[in-house]
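Chain residues, written in single-letter form:
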Amino acid sequence: EGEIVPGMKSRSYFGGSCGGGGGNNYVNSDYLSLQLLGKKISYTVDLSGAGCGCNAAFYLTPMHHNSDSSQCSDYYCDSASVCGVRCAEIDIQEGNTHAWQSTVHTSSDPGGMARGHGAWKHDWNSSVYGIEGRCIDTSQPFSVTASFPVDGAGLLASMEVELRQTGKPCPLHL
């Protein structure tokens, strides 16, 4: 299995193809477009090196479908218009050893609908999530599963996130 290890202040993108633009010239069709409605995505994360003030994030944005090249010299877009282009965004993970947040944003809602632990979010507390946490000990790797159930019309109904760690008795749900 592959491993992604981005450096500080860096981004990593998934590509459906490579080199359509050549060199550093990106084209939006190079980015991977995941079809996750009615499905789930799972991965293992190690946040042991991401302390307070660090945000280790995993976002889903529609870069493949964004035809506006951004100020970041790629097709990155998000609900906060960080690179000058606004779009819907799903933040599966914004986390570190002390905090976790998962958020669904529309293109016009940079605050989004967020849940988790840390700052102003209190779905859990530090006894269950954190270094030596009873359910998730963030000094060790743990599994993340995000599900995207649909409604009767086939539209996204919600995002459900589960954090689970081998040997721990209590998975955490959002």
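K.L.:
Go over the packing of aromatic side chains, please, and point to the residues and values.
P.N.:
For the structure on display, the rule yields 5 aromatic pairs. Summarising the aromatic geometry, the rings of Tyr-43 and Phe-58 are spaced 5.0 Å apart at their centres and angled 70 degrees between planes, so their arrangement reads as edge-to-face. Of this pair, Tyr-43 sits in strand β1 (residues 40–45) while Phe-58 sits in strand β2 (residues 56–60), and the two are 15 residues apart along the sequence. Each member of the pair Tyr-43 and Phe-58 is classed as buried. An aromatic cluster of at least three residues, connected via ring pairs, comprises Trp-100, Trp-124, Tyr-129 and Phe-142.

K.L.:
How would you summarise the sheet that holds strand β10 (residues 160–164) if you had to cite specific residues and measurements?
P.N.:
With respect to topology, 4 strands assemble into an open sheet ordered β1-β9-β10-β11, the strand pairing being antiparallel. Lying at the two open borders of the sheet, with one neighbouring strand each, are β1 and β11 (172–173).

K.L.:
Explain the nonpolar core to me, and be specific about the residues and the numbers.
P.N.:
By size, the foremost hydrophobic cluster in this structure holds 25 residues, and its most contacted members are Ile-92, Trp-100, Tyr-129, Phe-142, Val-144, Phe-148 and Leu-163. Where this core is concerned, the elements lending two or more residues are β1, β2, β3 (89–95), β9 (142–147) and β10. Each residue touching Ile-92, except ones within four places of it in the same chain, is listed here: Ile-41, Tyr-43, Phe-58, Leu-60, Trp-100, Gln-101, Ser-102, Val-144, Ala-146, Phe-148 and Met-159. Within the second largest apolar cluster, 5 residues are counted, among which are Tyr-31, Met-63, Tyr-76 and Cys-83.

K.L.:
I'd like to hear about the state of the cysteines, residue by residue, with values.
P.N.:
Counted according to the given criterion, the structure contains 3 disulfides. Note on cysteine connectivity: Cys-72 is disulfide-linked to Cys-83, with sulfurs 1.8 Å apart. Disulfide Cys-72-Cys-83: the torsion about the S-S bond is -80 degrees, which places it as left-handed. Here the residue Cys-72 occupies a position in the loop between β2 and β3, and Cys-83 occupies one in the loop between β2 and β3, the gap between them amounting to 11 residues. We classify Cys-83 as buried; its relative accessible area is 1%. Here Cys-77 connects covalently by a disulfide to Cys-87, the sulfurs 2.2 Å from one another. Given an S-S torsion of about 90 degrees, the disulfide between Cys-77 and Cys-87 has right-handed geometry. Residue Cys-77 is located in the loop between β2 and β3, and its partner Cys-87 is located in the loop between β2 and β3; the two are separated by 10 residues in the primary sequence. There is no split in this pair, since Cys-77 and Cys-87 are both buried. Taken N- to C-terminal, the disulfide-bonded cysteines of the chain are connected 1-3, 2-4, 5-6.

K.L.:
Break down the sheet that holds β2 for me, citing the residues and quoting the values.
P.N.:
The strand order β2-β3-β4-β5-β6 describes an open sheet built from 5 strands, whose pairing is antiparallel. Of all strands in the sheet, those bounded by a partner on one side alone are β2 and β6 (121–122). Here strand β4 (residues 100–105) runs beside strand β5 (residues 113–118); their pairing, made up of 5 bridges, is antiparallel. Paired with Val-104 across the bridge in β5 is Met-113.

K.L.:
So, the side chain of Glu-89: which residues are in play, and what are the values?
P.N.:
You can see Glu-89 is positioned in strand β3. Here Glu-89 sits buried without a salt bridge, and the closest side chain of opposite charge, Arg-86, lies 8.2 Å off (N-O distance). Here Ser-79 takes part through its backbone nitrogen, which lies 3.0 Å from a polar atom of the side chain of Glu-89. Setting aside its immediate chain neighbours within four residues, Glu-89 contacts Tyr-59, Leu-60, Thr-61, Asp-78, Ser-79, Ala-80, Thr-103, Val-104 and His-105.

Thresholds, definitions, all that
Residues numbered from 1 in each chain as written. Predicted model: local features only at pLDDT ≥ 70, side-chain atom pairs only at ≥ 80, totals over all residues. Heavy atoms only, no water. Phe/Tyr/Trp six-rings, centres within 6.5 Å; stacked < 30°, edge-to-face > 60°. Helix = DSSP H or I, 4+ residues; strand = E, 2+ residues; numbered from the N terminus. Buried < 20%, exposed > 50% of the residue type's maximum accessible area, 1.4 Å probe, protein only. Pairing = 2+ DSSP bridges. Core = buried A, V, L, I, M, F, W, Y, C linked by side-chain atoms within 4.5 Å. Contact = heavy atoms within 4.5 Å. Disulfide = S-S within 2.5 Å. Lys, Arg positive; Asp, Glu negative; His and termini not counted. Salt bridge = Lys/Arg side-chain N within 4 Å of Asp/Glu carboxyl O. Polar contact = N/O pair within 3.5 Å; in protein donor to acceptor, adjacent residues only side chain to side chain.

Geometric values such as these leave the question of function open.
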